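Observations on chain architecture
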Amino acid sequence: RGYYDGVDYGFSINKKTTAKKFINDFSKSTCMLPIFKSTSEFKLNLIKDEYSQSDSIITVQDIINYSFSRTSIGKINTIVNVRYNYDYAKEIYLAETGYVDGYDMFGNGDGTALNPPRENGYSYEYLGIDREDKVLEFQSKYIRNEDTALKLRNFLYAWSCNQHNEFQLNLPNKYAMLEAGDIIEFDSLIDNMKAYGEDYTI
C-alpha cells in the first residue's frame, strides 16, 4: 500500500461486464499483476521499482535443463503517452500526460558531434530502432488525475523500453512452491554462461 500513497483511481462502470474482464482491464492501468495462487487465493502482485530480496534462490546444480531467449525488438515501445480523464457522455479523453522517451528518462546515449552521448544514457542506435518506431498511446478510463497518469506513463515506458531476457527452466519438485510473480535469484551463473552478455546473478 505504501507504493500507492498519493495514487488515485476513479471511474464508472456504465456497461455490464464480468469481474474477470474488469480486473484484467483495470490492472493494465496499475503496476500490479492479478494472479490466482496455487491455493486458489486471489492476489495482486506489485511490480516494484527495485527489490532488496528474493522469494527463493535457485541452486544452479538443481537445474535439469534450461534455455535463454529474448523478447523481440517489436515489443519495445519507443515513446509513451497516457490519455486519461474519460468523459463518459462524450466518449472522449479530456487529458493526456504528454510523451516520454528514453532520452527523457535516462539521458541521451546516442549524442551528436556537438553534444557527446551521455554515459549509461538510452541509445536507440544500440537497439537498432528509431525514436518514433513504436509510439504507445495508452488509454485509461480508470485514471482522473495527472499524478497517477504520470506514474503509469513512466511505468509503462520503463517496462517496455528494452528487451527482456527470458529463462525456461526445468526444476525438481523442491521448487514446486514457486508461483507466478515470485522473485527468484540464482546462486551462480548457469554453466558459467551469461545471458546475452548480462550477468543475471547481480
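Scroll up to find the structure.
Residues numbered from 1 in each chain as written. Predicted model: local features only at pLDDT ≥ 70, side-chain atom pairs only at ≥ 80, totals over all residues. Heavy atoms only, no water.

1. What to know about helix α4 (residues 146–160)
One turn of the α-helix equals 3.6 residues, which is why residues spaced by three or four share an orientation. The following threshold applies: Helix and strand definitions follow DSSP, with helices as H or I runs of at least four residues and strands as E runs of at least two, each counted in order from the N terminus. One less than the number of residues in a helix, times 1.5 Å, gives the span that helix is expected to have. It only takes one pair of heavy atoms within 4.5 Å for two residues to be counted as in contact. In protein, a polar contact means a hydrogen-donor-capable atom and an acceptor-capable atom, both N or O and within 3.5 Å, with residues adjacent in sequence counting only if both atoms are side-chain atoms; elsewhere, any N or O pair within 3.5 Å suffices.
Taking 1.5 Å of rise per residue, 15 residues should cover 21 Å, and α4 covers 21 Å from first to last C-alpha, within 8% of that figure. Tucked into the core, α4 has its buried residues touching β5 (79–87), β7 (100–101), α2 (102–106), α3 (124–127) and β8 (135–139). Looking at where α4 begins, the residue whose side-chain oxygen comes 3.2 Å from the main-chain nitrogen of Asp147 is Asn145.

2. A closer look at the packing of aromatic side chains
Here is the rule we go by: We call Phe, Tyr and Trp rings a pair once their centres come within 6.5 Å, taking the six-membered ring for Trp, and we label the pair stacked below 30 degrees between planes, edge-to-face above 60, and tilted otherwise. With a 1.4 Å probe rolled over the protein chains alone, any residue whose accessible area is under 20% of its type maximum counts as buried; one over 50% counts as exposed, and the rest are partly exposed. Both a distance and an angle decide whether a charge sits over a ring: NZ of Lys or CZ of Arg must be within 6 Å of the ring centre and within 35 degrees of the ring normal.
All chains considered together, the criterion is met by 21 aromatic pairs. An angle of 90° between the planes, with centres 5.0 Å apart, marks the rings of Tyr86 and Tyr88 as edge-to-face. Judged by its relative accessible area of 9%, Tyr86 falls in the buried class. For the cation-ring pair, Lys141 lies above Tyr86, with the distance from its terminal atom to the ring centre recorded as 4.7 Å.

3. Concerning the nonpolar core
What counts here: Definition of nonpolar core: a set of buried residues of the types Ala, Val, Leu, Ile, Met, Phe, Trp, Tyr and Cys, connected through side-chain atoms within 4.5 Å.
Formed by 22 residues in total, the largest nonpolar core has its most connected members in Val82, Tyr122, Ile129, Leu152, Phe155, Leu156 and Tyr157. Listed by contribution, the elements that provide at least two residues to this core are β5, α3 and α4. Looking at which element gives the most residues to this core, the answer is α4, with five residues. Excluding residues within four positions of it along the chain, Val82 makes contact with Ala95, Glu96, Thr97, Phe138, Ala149, Leu152, Arg153 and Leu156. If you look at the next biggest cluster of nonpolar residues, it comprises ten residues, including Ile58, Ile63, Leu189 and Ala195.

4. Examining the pattern of salt bridges
Where we set the bar: Between Lys or Arg on one side and Asp or Glu on the other, a salt bridge is scored when a side-chain nitrogen of the former is within 4 Å of a carboxyl oxygen of the latter.
On inspection of all chains with the given rule, the structure shows seven salt bridges. Among the ionic pairs, Lys174 bridges to Asp62, the shortest N-O distance being 3.0 Å. Here the residue Lys174 occupies a position in the loop between β9 (165–170) and β10 (184–186), and Asp62 occupies one in the loop between β3 (56–58) and β4 (65–70), the gap between them amounting to 112 residues. Judged by its relative accessible area of 55%, Lys174 falls in the exposed class. Residues Asp101 and Arg131 are paired through a salt bridge, measuring 2.4 Å at the closest nitrogen-oxygen approach. Linking Asp101 in strand β7 with Arg131 in the loop between α3 and β8, this pair joins segments that are 30 residues apart in sequence.

5. Re empty space enclosed by the protein
Stated formally: Both cavities and pockets are sets of points on a 1 Å grid over the protein atoms alone; in a cavity a 1.4 Å probe fits but cannot get out, in a pocket the set is open with protein on both sides within 12 Å along at least five of seven lines, and lining residues sit with an atom within 4 Å of a point. Grid points are joined across faces, edges and corners, and a volume is the space filled by probe spheres set on the points. Asp, Glu, Lys and Arg are counted as charged, while Ala, Val, Leu, Ile, Met, Phe, Trp, Tyr, Cys and Pro are counted as nonpolar; the rest, among them Gly, fall into the polar class.
Under the criterion given, the structure shown has one cavity of 30 Å³ or more. Estimated volume of the largest cavity: approximately 30 Å³. Taken together, Tyr4, Val7, Tyr9, Ser29, Thr30, Cys31, Thr148, Lys151 and Leu152 form the lining of the largest cavity. Here the lining of the largest cavity is built from residues that sort into five nonpolar, three polar and one charged.

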